[in-house]
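This is what each chain is made of:
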Amino acid sequence: MKKFPLTADTVGPVARGHPWVYHDGVRGKAEPGDAVELLDGRGKRVAWGVWDEGTIAVRVLGRDPLPIPQHLARALPAAARRRQLVGGETNAYRLCNGEGDGLGGLVVDRYDDVLVVRLYSKAWERHLGTICDVLMPLTGCRTIFRRFGVGRVDDKQGGQTLRGPDPAEVFPVVENGMKLLVRVRDGQKTGLFLDQREHRKLIRGWAAGRTVVNLFSYNGGFSVAAALGGAKRVTSVDVAAGAIEDARENFRINGLDPSAHAFHAEDAFAFAGEPSDLVVVDPPSLTHAAKADQAARGAYKALHRHVGTYATDLVASSSCTARLSFERWEEAVREGLGGAWAGLHRSAEPCDHPVAVGHPEGRYLKFALYGRLGGS
Ligand code: SAH
């Protein structure tokens, strides 16, 4: 294993568990996928990891070096053991969450008997064979599909079947007893926004007897949850017409009549909502660039100011923007809604999206419920 010295200011963060070494934080050169040891100024080992390319030079994998196949054979089963926390009535969840599972840059999602692998680092490309060798017997899944779409790694659409038969273009999975269609080849992310599972369950509990608007609905996960929870009428809004079509179908496969609800393929920022008891707001990430923080805060504020004009009782809001802290995001939401609201609930990533404590930047998901003060 090659041994490379870290720069003086990189030793501390890596020793405290940060999973990334930037290009200028290490002196050395290796091939993507090579295991490397990382040393301090006196030549003592601080950590080990796998060589990447681009801004992140090394994905740190731990303290005591192992050949990569052995590390995979240990870390993937450890991640898979979390299955028990997800609950029995669910067959769609994240099996491996990259840095949060000691496998920086490697994501594996399970959709029934299909595993979807997504690489956020070139480092794992060479090890895909080993990854499949570990995952097939570990999970008993029929298919492993690699989903592309990460600019710096593959920069292309679609995906490729790595093991087993090709996955169906669209098929149903079960989440907390609710059915949802998934498209692993061309759906968003790896097919579904798995990170909102527990929040969809909360909405199911809050929807009874209420009129609900679900902004940025994608294929209607929050909408179906609300309808199953007894909502009077659910309105789903997403700019993507295909997602709205899938939302209708998701109502049907759950035994709900879509004609009793409303579906709009249009811009949610401009949606002219009628007075509604519960409004769910889950926009796409509004910023990636640090300097765009201010613009993103402005967009959240304007969006919530508009929502506040027709939400009569509850607003459930979410953000997947890693660039804004919970506090800064919530400040924008509060400023938009105005003073007549109280916070009822806050939460973040679910248990199948663990975040390493040495990697606070890995926290991104924010969710909060607000209720009108005094029902005014
Ligand atoms: N709540 C969803 C996930 C939402 S992701 C779930 O639980 O599955 C964000 C969604 O916003 C995407 O489906 C995207 O198509 C949609 N979107 C992006 N810009 C939009 C806009 N201006 N108006 C409406 N929808 C938009």
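These numbers come from a predicted model, not from an experiment.

**A look at the nonpolar core**
No. 1: Tyr111, Val173, Leu192, Ile203 and Val212 are the most contacted members of the largest nonpolar core, which has 37 residues in total.
No. 2: In terms of residue count, the dominant contributor to this core is helix 6 (residues 221–228) (five residues).
No. 3: Counting contributing residues per domain, this core is built from domain 2 (69–167) and domain 3 (193–372), each supplying no fewer than three.
No. 4: Look past the residues within four positions of Tyr111 in its chain and what remains in contact with it is Asn91, Ala92, Val116, Phe171, Val173, Val182, Val184, Thr190, Gly191, Leu192 and Leu194.
No. 5: Counting residues in hydrophobic clusters, the runner-up holds 29 residues, among them Trp48, Ile68, Val117 and Trp124.

**Section: empty space enclosed by the protein**
No. 1: A complete count under the given rule lists three cavities of 30 Å³ or more for this structure.
No. 2: Size it by volume and the largest cavity reaches roughly 40 Å³.
No. 3: Arg94, Asp109, Lys189, Leu192, Phe193, Leu194, Asp195, His353 and Tyr364 are the residues that line the largest cavity.
No. 4: Each residue belonging to the lining of the largest cavity can be placed in one class, and the counts come to four nonpolar, one polar and four charged.

**Structural notes on the domain arrangement of the protein chain**
No. 1: Looking at the assigned domains, one finds that the protein chain contains domain 1 (2–62), domain 2 (69–167) and domain 3 (193–372).
No. 2: A separation of 24 Å is found between the C-alpha centroids of domain 1 and domain 2.
No. 3: The interface of domain 1 with domain 2 comprises 13 residues on the first partner and 14 residues on the second.
No. 4: Summing both sides of the interface, domain 1 and domain 2 together bury roughly 960 Å²; the carbon and sulfur share of this comes to 54%.

**A look at the layout of surface pockets**
No. 1: One number sums up the size of the second largest pocket: a volume of about 230 Å³.
No. 2: Here the lining of the second largest pocket gets three residues from one element, more than from any other, and that element is strand 5 (residues 56–62).
No. 3: Grouping the amino acids of the lining of the second largest pocket by side-chain chemistry returns seven nonpolar, five polar and two charged.
No. 4: Both domain 1 (2–62) and domain 2 (69–167) contribute no fewer than three residues apiece to the lining of the second largest pocket.

**Notes on the site of the ligand**
No. 1: Not every one of the 16 residues close to the ligand is listed here, only the nearest: Arg200, Asp238, Asp267, Ala268 and Asp282.
No. 2: A distance of 2.8 Å is found between an oxygen atom of the ligand and a side-chain nitrogen or oxygen belonging to Arg200.
No. 3: Contacts to the ligand include Phe216, whose backbone N or O atom sits 3.4 Å from a nitrogen atom.

Rules used in this analysis
- Residues numbered from 1 in each chain as written.
- Predicted model: local features only at pLDDT ≥ 70, side-chain atom pairs only at ≥ 80, totals over all residues.
- Heavy atoms only, no water.
- Core = buried A, V, L, I, M, F, W, Y, C linked by side-chain atoms within 4.5 Å.
- Buried < 20%, exposed > 50% of the residue type's maximum accessible area, 1.4 Å probe, protein only.
- Helix = DSSP H or I, 4+ residues; strand = E, 2+ residues; numbered from the N terminus.
- Domains from an automatic or database assignment.
- Contact = heavy atoms within 4.5 Å.
- 1 Å grid on protein atoms, 1.4 Å probe; cavity = no way out; pocket = protein on both sides within 12 Å on 5 of 7 lines; lining within 4 Å.
- Points joined across faces, edges and corners; volume = space filled by probe spheres on them.
- Nonpolar A, V, L, I, M, F, W, Y, C, P; charged D, E, K, R; others polar.
- Buried area = accessible area lost by both parts, 1.4 Å probe.
- Near = heavy atom within 4 Å.
- Polar contact = N/O pair within 3.5 Å; in protein donor to acceptor, adjacent residues only side chain to side chain.

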